[in-house]
Amino acid sequence: MTTKADFTDEEWMRLKRAPMVAGMAISLADPGGPIEAVKETSATLKTALHAAETHAKGELVGELSRALGEDARAHHNPLSGFKPHGGTAGVEILDELREVNQIVSEKATPEEAAAMREWLLAAAQNAADAAKEGGFMGWHAERVSAGEQRMLDSLAEVLS
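All values derive from a computational prediction rather than experimental measurement.

(A) Local environment of the packing of aromatic side chains. In this structure the tally under the stated criterion is one aromatic pair. Relative to Trp12, the ring of Phe7 has its centre 6.0 Å away and its plane inclined at 45°; by these criteria the two rings are tilted. Considered together, Phe7 and Trp12 belong to a single accessibility category, that of buried residues.

(B) How the structure looks around the pattern of salt bridges. Inspection of every chain in the model, using the stated rule, returns seven salt bridges. In this structure, the salt-bridge partner of Glu99 is Arg14, at a minimum N-O distance of 2.4 Å. Taken together, the positions of Glu99 in helix H4 (residues 89-107) and Arg14 in helix H1 (residues 9-29) put the pair 85 residues apart, joining distant regions of the chain. Accessibility expressed as a relative area gives 11% for Arg14, which makes it buried.

(C) Quick look at the nonpolar core. Leu15, Ile26, Leu97, Met116, Trp119, Leu120 and Leu155 are the most contacted members of the largest nonpolar core, which totals 39 residues. Every element with two or more residues in this core is listed here: H1, helix H2 (34-54), helix H3 (60-73), H4, helix H5 (110-130) and helix H6 (146-158). Top contributing element to this core by residue count: H1, with nine residues. Sequence-distant contacts of Met116, defined by excluding residues within four places in its chain, comprise Leu15, Ala18, Val61, Leu64, Val100 and Val104.

(D) Spatial organisation of the packing of H2 against H5. Viewed as axis vectors pointing N to C, H2 and H5 meet at an angle of 150°, and their least axial separation amounts to 8 Å. One way to sum up the angle between H2 and H5 is to call them roughly antiparallel. In this structure, H2 meets H5 at a crossing whose hand is right-handed. For the pair H2 and H5, contact is made by Lys39, Glu40, Ala43, Thr44, Thr47, Ala48 and Ala51 and by Trp119, Ala122, Ala123, Asn126, Ala127 and Ala130, respectively. Here the contact of H2 with H5 is built from residues that sort into eight nonpolar, three polar and two charged.

(E) Just the side chain of Arg66, in detail. Summarising the element assignment, Arg66 is placed in helix H3. Here the side chain of Arg66 touches Ala52 through a polar contact of 2.7 Å, landing on its backbone oxygen.

(F) View of the environment of Lys39. Within the secondary structure, Lys39 is located in helix H2. Under the relative-accessibility criterion, Lys39 is labelled partly exposed at 43%. Each C-alpha atom, one on Lys39 and one on Val21, is 15 Å from the other, the two residues being 18 residues apart in sequence.

Definitions and cut-offs
- Residues numbered from 1 in each chain as written.
- Predicted model: local features only at pLDDT ≥ 70, side-chain atom pairs only at ≥ 80, totals over all residues.
- Heavy atoms only, no water.
- Phe/Tyr/Trp six-rings, centres within 6.5 Å; stacked < 30°, edge-to-face > 60°.
- Buried < 20%, exposed > 50% of the residue type's maximum accessible area, 1.4 Å probe, protein only.
- Salt bridge = Lys/Arg side-chain N within 4 Å of Asp/Glu carboxyl O.
- Helix = DSSP H or I, 4+ residues; strand = E, 2+ residues; numbered from the N terminus.
- Core = buried A, V, L, I, M, F, W, Y, C linked by side-chain atoms within 4.5 Å.
- Contact = heavy atoms within 4.5 Å.
- Axes fitted to C-alpha atoms, helices over the stretch in contact; angles between N-to-C directions.
- Parallel < 35°, antiparallel > 145°, perpendicular 65-115°, else oblique.
- Left-handed = near helix turned anticlockwise from the far one by under 90°.
- Nonpolar A, V, L, I, M, F, W, Y, C, P; charged D, E, K, R; others polar.
- Polar contact = N/O pair within 3.5 Å; in protein donor to acceptor, adjacent residues only side chain to side chain.

Function cannot be inferred from these measures alone, as they are strictly geometric.
Here's what the structure looks like:
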């Protein structure tokens, strides 16, 4: 079983914020208005925190989720230390999640690494499903836009 002690403080911080970074990837893939952004962020946070309920104490994803919840209750920024820049934001996000996947693959059990990847993909998928994109007042809007789907595909590739 892998614990926080198996990671440096920086690695733990990166693992903990990873589901929020995955959700950010979707928001940046097809930026909508403020309502869509709130819906996508809320769906990401809900997915990130729900893992504490579905993963047993001592499981890596559960421990990360509980730590993220503690940070949220203390009003700490879940994306602290990660600020992608403008036109390269999508690449920076994919690079960050690729490195997180590498860290967890090297230091956690294969089962824990797989659970981490599933958690990150679920956070991104739930963000994509949270708000309709395009159209006019809901007419002809789509649940997952082409840009979001491309990002979901890129995330799946990075996390494989």
